[in-house]
Amino acid sequence: MSSRAVKRLLKERGYDELAESSAHIERRERELQAQEQAASDSEESTPPAKANMFDLLMGGDNDESDSDRSGAAIEVKPVAAVEGRRRTKGKKKGKGKKSATAGGEQTMEEFEAELAKLQEQLPEATAVVEDGRAEGGRGRGEALGVVLTEEQQRNRALLVADAKHLDAEAEIRRMFGSAAVKDKGRRVGAASLGKRLTLSHPKASWPAMRAQAGVEMRAADSEAERAGDPTGGSWFVMEHSGRFRSVQTEFLAAVMTHSADGVAAIAHHHPYHVDALLQLSEILKQTGGDFNEAGELVERALYAFEIGFAPRFSAVSGTGRLDFRYVESRTLYLALFRHMQFMARRGCWRTAFEVNKVLLSLDPVMDPYGALLTLDFHALKSRQYEYVGQFVRDWTWSSVDLPNWAYSRALAAFMEGSAAQSRELLVEAILEFPTVVPVLWSKANVGVDDVVLTHPYFQDEVVPDASALTHMQLV
């Protein structure tokens with residue numbers, strides 16, 4: 001404690017006479033500082049000296065009356081001595097750091113020199129620049145073993161799904177509050193499963209998965225099987241285990257005999273047989289059953305698929321591809337398509353939009369389930385207007401010269417507030433696809449003059465029998 005602090009403390013307690021003896025305190029502090037410095041030099045660990053405040057003021061005499069009034073001994077630690085000791089230790093530590101740096105650590109110049117040597121040894125390596133892309137038109141996927149061009153990066157960005165928007169219950173809570181979601185039990189956390197789940201969200205009410213579902217994913221030989229693939233993605237295929245194939249035989253027998261009870265029995269005894277779950281969900285939907293239960297069965301099938309995903313496969317990255325030519329892989333396409341339909345039926349448009357992107361990303365060129373025909377609709381319903389225009393501009397893996405995208409682009413521009421641009425895009429859409437206009441009038445219940453409807457421009461074009469014409473006549 002410094003002399004000023006001691007004087008202030010004495011004045012607060014009413015010892016004004018003792019407070020005048022500050023010179024004696026300062027002299028005593030210098031003596032203690034010298035003692036502490038000597039002890040630090042000799043590296044002897046001595047406990048800090050404790051002295052009675054009145055002993056310092058009275059020159060070491062012990063006044064019983066004064067000590068009685070104080071009631072307790074106050075520990076005095078000279079600030080200068082402590083600071084001097086800290087400075088001494090800091091100097092010693094600084095010397096140790098310097099010696100360690102000089103002995104083992106690399107400087108930035110040495111690191112860059114070694115990096116340049118490695119780049120000379122690996123001519124195919126590319127340096128990543130500030131904008132996240134690699135030099136030479138390569139993208140971030142190179143760090144994962146996937147080299148993407150700038151065109152592939154633009155297309156891939158349109159397929160990346162937002163994992164936090166793949167939860168339908170979370171979307172309902174955002175729209176209507178937590179009271180709108182029926183509590184069916186605590187959800188099973190992804191950490192307890194040892195796997196990160198994005199497509200499915202298992203509930204505690206679901207049957208326990210005591211064994212693997214029997215559907216597993218393996219990496220496909222993309223160089224041999226997908227030569228010339230323009231997407232630059234990583235291809236995978238699904239496989240069935242021996243146990244799954246034995247159950248599949250029973251399932252096919254039940255389907256061939258049109259036995260709904262047989263399908264239900266298989267789903268009961270094998271609660272994660274994906275084909276039985278999807279078939280039972282369709283039976284409930286067609287017979288007017290519980291649509292919520294039907295949608296939950298589809299999500300259970302997705303959960304069984306996701307548990308068997310390959311470690312390198314990511315459903316939301318936009319680079320995971322699934323070969324539709326394998327029959328085992330087609331069930332995942334069907335599960336995603338029906339899950340998207342159920343999400344749209346529940347009004348979870350953002351979830352349906354993200355699932356739609358996942359479905360398209362599995363095979364964006366062939367698009368076996370026509371995900372491109374519904375993506376614009378889900379984007380508009382989820383208010384992703386900017387995405388529609390960006391998709392038409394950047395998408396090059398398949399044709400977007402379709403009526404739905406032409407009219408959706410005009411509507412998206414209108415919803416963004418660009419009335420003039422929307423009018424221009426609408427005129428372009430009508431000139432390119434005029435036969436869509438009467439259909440829109442009919443759906444919107446717009447009354448139009450018969451003269452307009454009978455105009456040849458809005459009539460369906462009659463294509464003659466191609467077998468009776470030659471190639472030149474068809475052209």
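Note that this is a predicted model, so its numbers are computed, not measured. Along each chain, numbering runs from 1 in the same order as the chain's sequence is written. Local features are withheld for residues below a pLDDT of 70 in this predicted model, meaning they are given only at 70 or higher, and side-chain atom pairs are given and counted only at 80 or more; totals for whole chains, interfaces and linings count all residues. To obtain the side-chain values, all non-hydrogen atoms of the structure were included, while hydrogens and water were left out.

Caption draft 1: Structural context of the overall build of the chain. Only DSSP runs of H or I with at least four residues qualify as helices, and only runs of E with at least two residues qualify as strands; both kinds are numbered from the N terminus onward. When helices and strands are tallied, the chain shows 24 helices and 3 strands. The buried label applies to any residue whose accessible area, calculated with a 1.4 Å probe on protein chains only, is under 20% of its type's maximum; exposed applies above 50%, and partly exposed to all values in between. The burial tally for the chain puts 38% of its 475 residues in the buried class. Contacts between residues were defined by any pair of non-hydrogen atoms, one from each residue, lying within 4.5 Å. The long-range share in the chain, meaning contacts at least 24 apart out of those at least 6 apart in sequence, stands at 64%. A 1.4 Å probe and the Shrake-Rupley method give the accessible areas. Residues count as covered only by the protein chains that appear here. As displayed, the chain has an accessible area near 28600 Å², and 52% of this comes from carbon and sulfur atoms.

Caption draft 2: Main features of the nonpolar core. Core analysis: the biggest nonpolar cluster contains 75 residues, and Leu-336, Phe-391 and Trp-395 have the highest contact counts within it. Broken down by element, the residue count for this core peaks at 9 residues, all from helix α15 (residues 291-307). Excluding residues that lie within four positions of it along the chain, Trp-395 makes contacts with Asn-155, Leu-158, Leu-159, Leu-360, Pro-364, Leu-372, Gln-390 and Val-400. Joining through side-chain atoms within 4.5 Å is the link that ties buried Ala, Val, Leu, Ile, Met, Phe, Trp, Tyr and Cys residues into a set, and such a set is a nonpolar core.

Caption draft 3: Local environment of the side chain of Gln-152. By the secondary structure assignment, Gln-152 is in helix α8 (residues 150-157). The exposure class assigned to Gln-152 is buried, which follows from its relative accessible area of 11%. Polar contacts here mean pairs of N or O atoms no more than 3.5 Å apart (in protein, one a potential hydrogen donor and the other a potential acceptor; neighbouring residues in sequence count only if both atoms are side-chain atoms). In terms of polar contacts, Gln-152 uses its side chain to reach the backbone carbonyl oxygen of Pro-230, at 2.8 Å.

Caption draft 4: Quick look at the side chain of Glu-299. Along the chain, the position of Glu-299 falls in helix α15. Among all residues touching Glu-299, those that are not within four sequence positions of it are Ser-200, His-201, Lys-203 and Trp-206.

Caption draft 5: Up close: helix α18 (residues 372-381). Along α18, the residues classified as buried are Leu-372, Leu-375, Asp-376, His-378, Ala-379 and Leu-380. Residues of α18 that are buried sit in contact with α16 (327-345), α17 (349-362), α19 (385-394) and α20 (403-415).

Caption draft 6: Inspection of the packing of α18 against α20 at higher detail. Axis definition: a line fitted to C-alpha atoms, limited for helices to the stretch in contact. Angles are taken between N-to-C directions and run from 0 to 180 degrees. Look at α18 against α20: their axes get within 10 Å of each other, and the N-to-C directions meet at 15°. Accordingly, the angle class assigned to the pair α18 and α20 is roughly parallel. The handedness of the crossing between α18 and α20 comes out as left-handed. Between α18, through Leu-372, Leu-373, Leu-375, Asp-376 and Leu-380, and α20, the contact on the second element is made entirely by Asn-404, Trp-405, Ser-408, Leu-411 and Ala-412. When describing relative orientation, an angle under 35 degrees is termed roughly parallel and one over 145 degrees roughly antiparallel, while 65 to 115 degrees is termed roughly perpendicular and anything else oblique. Each crossing gets its hand from how the near helix is turned against the far one by less than a right angle, where anticlockwise is left-handed and clockwise is right-handed.

Caption draft 7: Quick look at unusual backbone geometry. Positioned with a positive phi, His-258 is a non-glycine residue whose angle comes to about 55°. Within the secondary structure, His-258 is located in the loop between α12 (242-256) and α13 (260-269). One non-glycine residue, Asn-445, lies in the positive phi region at around 55°. Asn-445 sits in the exposed class, given a relative accessible area of 71%.

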